[in-house]
Amino acid sequence: MTKYILIAFCLLISFSSFAQEQKEEKMKYRKLGYSDFRKLSVNDTSQVIIDLFFDKKDNAGVGQMTFLPITLAVYPISPVISGALTLVSLPLFINGSYMMVKYRKKKLYMVLTEYAETGTLPEWVRKKANKQLKYVELLKLDYQD
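The present account deals with the structure reproduced in this document. Quantities reported herein were computed from a predicted structural model and do not represent experimental measurements.

### Some details on the overall build of the protein chain
Secondary structure summary: the protein chain contains seven helices and zero strands in total. Its helices and strands in sequence order give the protein chain the pattern α-α-α-α-α-α-α, from N to C terminus. Relative to its 145 residues, the protein chain shows a buried fraction of 21%. Nonlocal contacts in the protein chain, meaning residues at least 24 apart in sequence, comprise 68% of its contacts between residues at least 6 apart.

The structure is reproduced here in structure tokens:
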């Protein structure tokens, strides 16, 4: 009888010690699209922030990064021209890489959730959002006249 109690006790301890806790499923930020972020939008400021992040990442970052592969493709045709173009396009590639990291989707998600909870923005985002909001207001005035 004591053997069965000891075996049952060992089994219960092993089940409790080796049982894995339910992990909260990680969100894959890179798979979120523009429409997913628009659902997180609270007001026009958050919409401007979403537009700013996607514009900087998709247009400016990717656009700057495409020059280096093009100059490397020119290398078999003319190594001298490719070398000179590489000197120009390498800083653009580095800046584009920096923009891709700076305006990544995870940071956008964190900024939007913080803005929805507290109503505050990081200083660098607030400055850019204010400039963009002023620009949008000026466009509305131009179209109304």
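### Overview of the environment of Thr 120
Within the secondary structure layout, Thr 120 lies in the loop between helix H6 (105–118) and helix H7 (123–144). Looking at Thr 120, the relative accessible area reads 42%, which means it is partly exposed. Each residue touching Thr 120, except ones within four places of it in the same chain, is listed here: Glu 114 and Tyr 115. There is a polar contact of 2.9 Å between the side chain of Thr 120 and the side chain of Thr 118.

Parameters at a glance
Residues numbered from 1 in each chain as written. Predicted model: local features only at pLDDT ≥ 70, side-chain atom pairs only at ≥ 80, totals over all residues. Heavy atoms only, no water. Helix = DSSP H or I, 4+ residues; strand = E, 2+ residues; numbered from the N terminus. Buried < 20%, exposed > 50% of the residue type's maximum accessible area, 1.4 Å probe, protein only. Contact = heavy atoms within 4.5 Å. Polar contact = N/O pair within 3.5 Å; in protein donor to acceptor, adjacent residues only side chain to side chain.

Read these as layout, nothing more, since geometry by itself doesn't imply function.
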